[in-house]
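What follows is the residue order along each chain.
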Amino acid sequence: MNPYDADTHPGPYLVVEVLGVGDVSVHALARGPEEPLHQAATRVIEAAAALDERHESVLDAVQRAQQLLEGVGRGEVGRAQVSYALLRTALPDLGDGLAQQDRAYSQLVESLSAYRRLLSSPEPAQRASNKSHGQGQKTRPPHRDDDWAVAGERGLVALEAVAAGGVRFRRNAIGEDPYISREKVQWQDPAVFPQTVQRLVADGLLHQDITENVYRPGQLLLLTSQGEVALRDGRATASRVSVALGRTTTSGALADSAAAPVARTSLATPRSR
């Protein structure tokens, strides 16, 4: 059972629901001394506290607005005029508070996602040991479980789409399933996989605006400077491959035409009887 009330402590409540822990603290989330996991746990706790703080601010703004409207509900005309004047300043504050609360919620969701990804990866201590053991040596990059996401042209397709603008990383509010929305898309455009976007973000090729709500309108994706270089290189490589394939096709066609026998058509002259 979740020990936190969603109406008073939405931050810790969400942490317990997502991670299934009983104690919302850095010690509970990162029992070992591994630095990456400890940092991820710290970000989760800070994001949960920030959401609680924004939630309290919104509740205070709502209560103030309700107090201003009490006179209106009792039919006090004179007080109603004062209440309306005060509401003109109170309502924008309430709107700002709701927007900040929304951003705090999105940041907590992103922190939880990063923490869970780190938990599902190889043990941090083992990664650190492998890194120190291999220092000074050029080793082949290990195979990653998400290498399929950037295989073939999937990475280039995603970079092209983001460069066109209006690409957002979103999540389904029901199943939390990630998906990509695009403003500029034609029916023949290839699909952009959310796993590809996540890989490119992790590799530093894309920037994901986590200050926006991941559910609506979604978090806008932009090319980083490293991503712009990768896009130029990808386009140049694709162009060279296309030219090479074109030459190969043309040469093959010429060779085939030279090797093929010439078909001769003769008009048979009827024999005289």
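Scroll up to find the structure.
Residues numbered from 1 in each chain as written. Predicted model: local features only at pLDDT ≥ 70, side-chain atom pairs only at ≥ 80, totals over all residues. Heavy atoms only, no water.

1. Regarding the overall build of the chain
Thought 1: In terms of regular secondary structure, the chain is built from eight helices and four strands.
Thought 2: Of all 273 residues assigned to the chain, the portion counted as buried reaches 30%.
Thought 3: A sequence separation of at least 24 residues applies to 57% of the contacts in the chain between residues at least 6 apart.
Thought 4: For the chain, the exposed surface amounts to about 18,300 Å²; the carbon and sulfur share of it is 54%. (Helix = DSSP H or I, 4+ residues; strand = E, 2+ residues; numbered from the N terminus. Buried < 20%, exposed > 50% of the residue type's maximum accessible area, 1.4 Å probe, protein only. Contact = heavy atoms within 4.5 Å. Areas by Shrake-Rupley, 256 points an atom, 1.4 Å probe, with all protein chains shown as cover.)

2. Examining the side chain of arginine 168
Thought 1: Secondary-structure assignment places arginine 168 in strand 1 (residues 167-171).
Thought 2: Under the relative-accessibility criterion, arginine 168 is labelled buried at 16%.
Thought 3: Separated by 3.0 Å, the side chains of arginine 168 and glutamate 212 make a polar contact. (Polar contact = N/O pair within 3.5 Å; in protein donor to acceptor, adjacent residues only side chain to side chain.)

3. Comments concerning the packing of aromatic side chains
Where two aromatic rings form a pair, the distance of their centres and the angle of their planes describe that pair.
Thought 1: Applying the stated criterion across every chain yields a total of two aromatic pairs.
Thought 2: Judged by centre distance (6.3 Å) and plane angle (40°), the ring pair of tyrosine 105 and tyrosine 215 falls under tilted. You can see tyrosine 105 sitting in helix 4 (residues 77-120) and its partner tyrosine 215 sitting in the loop between strand 3 (206-208) and strand 4 (219-223), a full 110 residues away along the chain.
Thought 3: Tyrosine 105 gets classed as partly exposed once you look at its relative accessible area, which sits at 29%. (Phe/Tyr/Trp six-rings, centres within 6.5 Å; stacked < 30°, edge-to-face > 60°.)

4. Considerations on the nonpolar core
Thought 1: Core analysis: the biggest nonpolar cluster contains 38 residues, and Val15, Val44, Leu108, Tyr115, Val192 and Val197 have the highest contact counts within it.
Thought 2: Listing elements by their share of this core, those giving two or more residues are helix 1 (10-19), helix 3 (35-73), helix 4, helix 6 (154-164), strand 1 and helix 7 (194-202).
Thought 3: The leading source of residues in this core is helix 3, at seven residues.
Thought 4: Aside from chain neighbours lying at most four places away, what touches valine 192 is Val157, Ala158, Ala161, Ile180, Arg182 and Val197. (Core = buried A, V, L, I, M, F, W, Y, C linked by side-chain atoms within 4.5 Å.)

5. Description of the pattern of salt bridges
Thought 1: Counting across every chain of the model gives five salt bridges.
Thought 2: Among the ionic pairs, arginine 199 bridges to aspartate 147, the shortest N-O distance being 3.0 Å. With arginine 199 in helix 7 and aspartate 147 in the loop between helix 5 (124-133) and helix 6, this pair connects stretches of sequence that are 52 residues apart.
Thought 3: Looking at arginine 199, the relative accessible area reads 10%, which means it is buried.
Thought 4: Residue classification places aspartate 147 among the partly exposed positions, given a relative accessible area of 24%.
Thought 5: Between glutamate 160 and arginine 235 there is a salt bridge whose closest N-O contact spans 2.8 Å. (Salt bridge = Lys/Arg side-chain N within 4 Å of Asp/Glu carboxyl O.)

6. A closer look at the sheet that holds strand 1
Thought 1: In spatial order, the strands read 2-1-4-3; together these four strands make up an open sheet with antiparallel pairing. Either end of the sheet is taken by a strand with one partner, and the two such strands are strand 2 (178-182) and strand 3. Direction aside, neighbouring strands of the sheet carry axes that sit 30° apart on average.
Thought 2: The pairing of strand 1 with strand 4 spans two bridges and is antiparallel. In the sheet register, phenylalanine 169 faces strand 4, and the bridge partner there is glutamine 219. (Pairing = 2+ DSSP bridges. Axes fitted to C-alpha atoms, helices over the stretch in contact; angles between N-to-C directions.)

7. Brief notes about the pairing of strand 1
Thought 1: By the criterion of burial, strand 1 is predominantly enclosed, with five of the five residues buried.
Thought 2: Neither face of strand 1 is left uncovered, since the one carrying Val167, Phe169 and Arg171 and the one carrying Arg168 and Arg170 both have all their residues buried.
Thought 3: Sheet topology note: the strand 1/strand 2 ladder contains five bridges and is antiparallel. Its bridge partner lying in strand 2, arginine 168 is registered against serine 181.

8. A short note on helix 7
Thought 1: Buried within helix 7 we find Pro194, Thr196, Val197, Arg199 and Leu200.
Thought 2: Turning to helix 7, the residues buried within the fold contact helix 6, strand 1, strand 2, strand 3 and strand 4.
Thought 3: Downstream of helix 7 by a residue or two, glycine 204 has a phi angle that is positive, lying close to 85°.

On their own, these measurements won't tell you what the molecule is for.
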